[in-house]
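Working through the structure, step by step
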Amino acid sequence: MDHDRLVTVMRRLALQAGARIMEIYAAPDFEVRSKSDASPVTEADEAADALISAGLTEAFPDTLVVTEEQAESHTESAEAFLIVDPLDGTKEFVQRRGDFTVNIAYVENGVPVRGVVYAPARKRLFYTLADGSAVEETGDHALDKAGETKPLSVKAPDNGALVVVASKSHRDAATDAYIGKFSVADMTSAGSSLKFCLVAAGEADLYPRLGRTMEWDTAAGDAVLRGAGGEMIRFEDHAPFAYGKPGYENPFFIAHAPGVDLPAPGGAAE
């Protein structure tokens, strides 16, 4: 894979999809339907999906593209693949809360090595460079020329005063009980894959998720987090988090800055 070209294509498609999503977001009304799993889907999800999948297929015709909105892709597999959530945080979109993102990632041998996360309503754009390091691009996010970027790096955590980020729409008692094991100075809520980016940017130390997610929900944010020096592990045994699993379904996970004192699986701090 030509990573320079990959980053250019993923960035441009994320921006184009974000612009289309915002056109629909600004409309006085838009259609919301329920999928077979009862999750919502809108015309914005479908429009962004069509744009991104066509662009990736044209640019990388020999690479598998897995997208949330194309169920037939969920039964395919490859050692290297592109994976897309064209509108992560549909509930945030429907409720007009702004915390939704466009996620595009490239996975090799189970690891998301490159990714882009674009939050068009927040005007925040995070991605990995060709060398794998993570940045946030500032400026006007021009389509054909990247603006100024600032490197992303996780911060050294203060285990006596951690900043924890959790879901706005998917908080539950199990997650709250786990967070209660830490000395928390501040809790912040965010939707979609922005939670990974907040840890990557040093704006939070820890993001635990004890709930169902799919690989397209996490791969791009995970790539950005890893590119900023962060870590993503399985909740149940703290093993490395891998991609390309059957059906692309994730186990529970913990995304964190190195140095956070995690309770060992089963209880005590490591």
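Residues numbered from 1 in each chain as written. Predicted model: local features only at pLDDT ≥ 70, side-chain atom pairs only at ≥ 80, totals over all residues. Heavy atoms only, no water.

1. Here we look at helix 2 (residues 43-59)
Rule in force here: A run of DSSP states H or I qualifies as a helix once it reaches four residues; a run of E qualifies as a strand once it reaches two. Both are numbered from the N-terminal end. Here, expected helix span is obtained from the residue count minus one, scaled by 1.5 Å. Burial classes: relative accessible area under 20% of the type maximum marks a residue as buried, over 50% as exposed, and values in between as partly exposed (1.4 Å probe, protein chains only). In this context, the arc is that of the directions from the helix axis out to the C-beta atoms.
Taking 1.5 Å per residue as the helical rise, helix 2 with its 17 residues ought to reach 24 Å, and the 24 Å between its terminal C-alpha atoms agrees with that figure. Turning to helix 2, its buried residues number three or more, namely Ala44, Asp45, Ala48, Asp49, Ile52, Ser53, Gly55, Leu56 and Ala59. In an axial view of helix 2, the angular spread of the buried residues amounts to 165 degrees, which keeps them on one side of the axis.

2. Here we look at unusual backbone geometry
Most peptide bonds adopt trans geometry, and most residues besides glycine take a negative phi value. Residue Asn109 is not a glycine yet carries a positive backbone phi of 50 degrees. Along the chain, the position of Asn109 falls in the loop between strand 5 (101-108) and strand 6 (111-119). A positive phi angle is found at His141, which is not glycine, with a value near 55 degrees. Counting through the fold element by element, His141 comes out in the loop between strand 8 (134-137) and strand 9 (149-151).

3. With respect to the side chain of Ser73
To be explicit about the condition: Contact between two residues is taken to exist if any of their heavy atoms lie within 4.5 Å; hydrogens are not considered.
Within the secondary structure, Ser73 sits in the loop between strand 3 (64-67) and strand 4 (80-88). With relative accessibility at 3%, the residue Ser73 sits in the buried group. The residues contacting Ser73, other than those within four sequence positions of it, are Val65, Val66, Thr67 and Tyr248.

4. Considering the sheet that holds strand 9
Note the following rule: Two strands form a pair only when DSSP identifies at least two bridges running between them. Geometry is summarised by axes, namely lines fitted to C-alpha atoms with helices restricted to the contacting stretch, and by angles between N-to-C directions that run from 0 to 180 degrees.
The strand order 3-4-5-6-7-8-9 describes an open sheet built from seven strands, whose pairing is mixed. Looking along the sheet, the strands with just one partner apiece sit at the ends: strand 3 and strand 9. When strand polarity is set aside, the average angle formed by the axes of neighbouring strands in this sheet is 20 degrees. Direction of pairing for strand 4 relative to strand 5: antiparallel, over a ladder of seven bridges. Opposite Ile83, over in strand 5, you have Ala105 as the bridge partner. Lying on the sheet, helix 2 is in contact with strand 3, strand 4 and strand 5; it crosses strand 4 at an angle near 155 degrees.

5. Describing the pattern of salt bridges
Stated formally: Should a side-chain nitrogen of Lys or Arg be within 4 Å of a carboxyl oxygen of Asp or Glu, the pair is scored as a salt bridge.
Scanning the model with the defined rule gives 13 salt bridges in all. Ionic pairing is found between Glu23 and Arg20, a salt bridge with its closest N-O pair at 3.0 Å. One end of the pair is Glu23 and the other is Arg20, both in helix 1 (residues 3-25) and three residues apart, which spans about a single turn. Exposure remark for Glu23: the relative accessible area of 51% places this residue in the exposed category. Note on Arg20: relative accessible area 32%, which makes it partly exposed. Notably, a salt bridge pairs Arg97 with Glu92, separated by 2.8 Å at the nearest N-O pair. When salt bridges that share partners are traced, they join Arg124, Glu136, Lys150 and Glu203 into one network.

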